[in-house]
Amino acid sequence: MSQHGLIGDLRTCALVGADGTIDWFCAPRFDSASVFAAILDQDKGGSWQLTPCTDVTRTQQFYYPDTAVLITRFLTDGGVVEVHDFMPVLAPDEEAHRQRLVRRISGVRGTMRLQMRLDARPDYARQSCTAEYTGDGVLITGDGVRLGLIASTDLDIEDGPENSVVTADFELASGQTALFVLEMLQDGDDVTADTMSRTDDLFDATIAFWRDWISTSSYTGRWREMVHRSAITLKLLTHEPTGAIVAAPTMSLPAPVGGSRNWDYRYVWIRDAGFSLYALLRLGYVNEASDFIRWLSERMGQRDGDDDRRLGPLRVLYDIDGKPPEEHELDHLSGHRHSQPVRVGNAAARQLQLDIYGEIIDSVYLFNKHGPGISHDAWHDVIAIVDWVAENWDRTDAGMWEIRDEPQAYTTSRLMCWVAIERAIRIARARGLPGDLVSWSTARDDIYDRIMTKSWNPDLQSFTRVEGGDDLDAGLLLMPMVKFLSPADPRFLSTLAAIEKHLVTDSLVFRYEPGTDGLDGEEGTFSICSFWYVEALTRAGRLADAQLALEKMFTYANHVGLYAEQVSATGDQVGNFPQAFTHLALISAAINLDRALS
């Protein structure tokens, strides 16, 4: 799974394997049904393969510097070729955007014969496609899908019993180029070759777009390459028309392999809001932050009828349109490396998770502090949310890790409710905005006292995962980051020591003690928690330890600098990939450690 690079057009993404296969692609959006899903079923899922006809001695994959253009290089005894994969993005907020996958193959040395095989399987491989020659190329149609394929080589159609497959067989010598362009078409659109003559221009324009974008980053610190790759990855996970940022472009990638922890992450988690805004604003990307806060503001003013009383004013996650997705299983797919079930949608949208209110109000606070400020209507939505939090903070819930078991009194849920109220009070006082500061302050202080008494275990000398508990939670590392405790507070320092003893293994951090969540399979260390650990060490003044932990975490990135959700016991990336909050936490940890070292 981790042997992939990511390309995208700020509407959706595709995963390109180091073997030259595009084996995951949803269109036209991140949360649309898949067109290629071989990553979830190699036989049935569908893919777009591009491979040499001879034995490959070595492959290399890397990004064109400071861009999202991916290069895959095949080295054989007879020659070397490069595949340049990209989805054209010509300018910010393109009104007439055309969604295309471009594959440009260049002969570098010697001569090589290659094969192309495009097997589209729409609707998560529940539908088949038919292909026909038309216009300047091949028209591929299936239920709800209309694709146009054009090429600089001859294309052949193989009509199988279940699906039509488009193939090509061609030879490239040094200096020669072959082109393939797959375009998402609307009803009635014809397949035209106008892109073929413009491919070089599209390539140059896309390179220029990404380089112009990353050049506006304000980060000039020690780990520029890793921070900027994370920033580009975060940008790739942004749905530009709405401003939404999805958690990951994939679904049901297991953590661990063979287990049942297979979730769909192609949605927007409120939990990620504060981290997203913080990372974007710290890097100087005010426009992206403004677009995301606009999307969040629409959610704050949104109500779901009867569910409001049970779940509160917000859901844990939304699709790009702001609707909570329903979860169901796809029994016809075997799953990644035969890990089932394969899930679409996410039932966590119907959980009560109190921590989300802290994350969303903190994001509003950051935007109000570092951006142009929130609107009158948005502030009144904040008032309604904070009033609800002040009345409901002491309920049990599913916690920030979305435990699918009996609700409990999670310490991090209390912590983030404190953040929600505390940040709202700060905004009101800074801007002179109306709000019931007396009742908010009372609730804030009650939460503080509750955490300090009920969630503190004097025997462990640590805060605990739940009130009155005796196990730990890496989310407690957030306490100084959200200004709940001083990083020098003895209670935090002893909690940090307890987490190091029970949850940290060679800089990698488990989110909680393994085997305590009621699910089968043993998950890996959580990469966001590992970066939180770096930041906790930084704030505690242990800069040498923090730098070593950060450098170790960099070694767990894949070959092009991307991270999944977790790292397995063998050091492999597991879970959905790439994971936005891992890259957000990397940016935050690197910025704060670099500042401390300077």
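Residues numbered from 1 in each chain as written. Predicted model: local features only at pLDDT ≥ 70, side-chain atom pairs only at ≥ 80, totals over all residues. Heavy atoms only, no water.

- You'll find the protein entered in an unreviewed UniProt entry as Glucoamylase, with Mycolicibacterium neoaurum VKM Ac-1815D given as the organism.

### What to know about the overall build of the protein
Okay, step 1: Of regular secondary structure, the protein possesses 15 helices and 28 strands.
Okay, step 2: Against the compact-globule benchmark of 25 Å for 598 residues, the protein has a radius of gyration of 25 Å, which places it among compact chains.
Okay, step 3: Taken along the three principal axes of its C-alpha coordinates, the protein extends 75 × 50 × 45 Å.
Okay, step 4: Counting every position in the protein, which comprises 598 residues, the buried fraction comes to 64%.
Okay, step 5: The long-range fraction of contacts in the protein, counting pairs at least 24 apart against all pairs at least 6 apart in sequence, stands at 68%. (Helix = DSSP H or I, 4+ residues; strand = E, 2+ residues; numbered from the N terminus. Rg over C-alpha atoms; globule rule 2.2 N^0.38 Å. Buried < 20%, exposed > 50% of the residue type's maximum accessible area, 1.4 Å probe, protein only. Contact = heavy atoms within 4.5 Å.)

### A look at the UniProt feature "domain: Trehalase-like N-terminal" (unreviewed entry) in the protein
Okay, step 1: The UniProt feature table records "domain: Trehalase-like N-terminal" (unreviewed entry) at residues 3-194.
Okay, step 2: Along residues 3-194, the helical share is 2% and the strand share 55%, with 33 Å between the first and last C-alpha atoms. (UniProt positions renumbered as here; feature names shortened; annotations may be inferred.)

### Concerning the side chain of threonine 582
Okay, step 1: Mapped onto the elements of the fold, threonine 582 is located in helix α15 (residues 580-597).
Okay, step 2: Judged by its relative accessible area of 0%, threonine 582 falls in the buried class.
Okay, step 3: Non-local contacts of threonine 582, meaning those with residues more than four positions away in its chain, are made with Ser527, Ile528, Phe531, Tyr563, Ala564 and Glu565.

### Side note on the pairing of strand β11 (residues 137-142)
Okay, step 1: The pairing of strand β10 (residues 129-134) with β11 spans six bridges and is classified as antiparallel. The partner of threonine 130 across the bridge, within β11, is threonine 141.
Okay, step 2: Hairpin remark: β10 followed by β11, antiparallel, with two residues in the connecting loop; positive phi at glycine 135, about 55°.
Okay, step 3: Here β11 folds back onto strand β12 (residues 145-151) in antiparallel fashion, the turn holding two residues, of which glycine 144 has a positive phi close to 75°. (Pairing = 2+ DSSP bridges.)

### What about the environment of histidine 328?
Okay, step 1: Mapped onto the secondary structure, histidine 328 falls in strand β20 (residues 328-329).
Okay, step 2: Separated by 229 residues in sequence, histidine 328 and alanine 557 have C-alpha atoms that sit 31 Å apart.
Okay, step 3: Beyond its immediate chain neighbours, meaning those up to four positions away, histidine 328 contacts Arg126, Val342, Arg343 and Val344.

### Considering the pairing of strand β8 (residues 79-86)
Okay, step 1: Within β8, eight of the eight residues are buried, which leaves the element mostly enclosed by the surrounding structure.
Okay, step 2: Every second residue of β8 is oriented toward a common face, with Gly79, Val81, Val83 and Asp85 on one face and Val80, Glu82, His84 and Phe86 on the other, all of them buried.
Okay, step 3: Hairpin geometry of strand β7 (residues 70-75) and β8 is characterised by an intervening segment of three residues between the two adjacent antiparallel strands.

### Side note on the packing of helix α12 (residues 490-502) against helix α13 (residues 527-539)
Okay, step 1: The geometry of α12 relative to α13 is characterised by a closest axis approach of 12 Å and an angle of 140° between their N-to-C directions. Regarding α12 and α13, the two cross each other, and that crossing is left-handed. Residue-level contacts link Phe492, Leu496 and Glu500 of α12 to Tyr533, Ala536 and Leu537 of α13.
Okay, step 2: Of the residues assigned to the contact of α12 with α13, the class counts are five nonpolar, no polar and one charged. (Axes fitted to C-alpha atoms, helices over the stretch in contact; angles between N-to-C directions. Left-handed = near helix turned anticlockwise from the far one by under 90°. Nonpolar A, V, L, I, M, F, W, Y, C, P; charged D, E, K, R; others polar.)

### Quick look at the packing of aromatic side chains
Okay, step 1: With the rule as written, the count across this model stands at 21 aromatic pairs.
Okay, step 2: For the ring pair phenylalanine 170 and phenylalanine 180, a centre distance of 5.5 Å and an interplane angle of 55° mean the geometry is tilted. Taken as a pair, phenylalanine 170 in strand β14 (residues 164-173) and phenylalanine 180 in strand β15 (residues 177-184) lie far apart in primary sequence, 10 residues in all. Here phenylalanine 170 and phenylalanine 180 have matching classes, each one buried.
Okay, step 3: Aromatic pair tyrosine 448 and phenylalanine 484: ring centres 5.0 Å apart, planes at 45°, arrangement tilted. Placement of the pair is tyrosine 448 in helix α10 (residues 437-454) and phenylalanine 484 in the loop between α11 (478-481) and α12, with a sequence separation of 36 residues.
Okay, step 4: By relative accessible area, which is 30% here, tyrosine 448 ends up partly exposed.
Okay, step 5: Chaining the aromatic ring pairs together yields one cluster made of Phe275, Trp401, Phe526, Trp532 and Phe581.
Okay, step 6: Seen from the ring of tyrosine 365, arginine 423 lies directly overhead, with NZ or CZ sitting 5.7 Å from the centre.
Okay, step 7: Lying over the aromatic face of tryptophan 456, arginine 491 brings its terminal NZ or CZ to 4.5 Å of the ring centre. (Phe/Tyr/Trp six-rings, centres within 6.5 Å; stacked < 30°, edge-to-face > 60°. Lys NZ or Arg CZ within 6 Å of the ring centre and 35° of its normal.)

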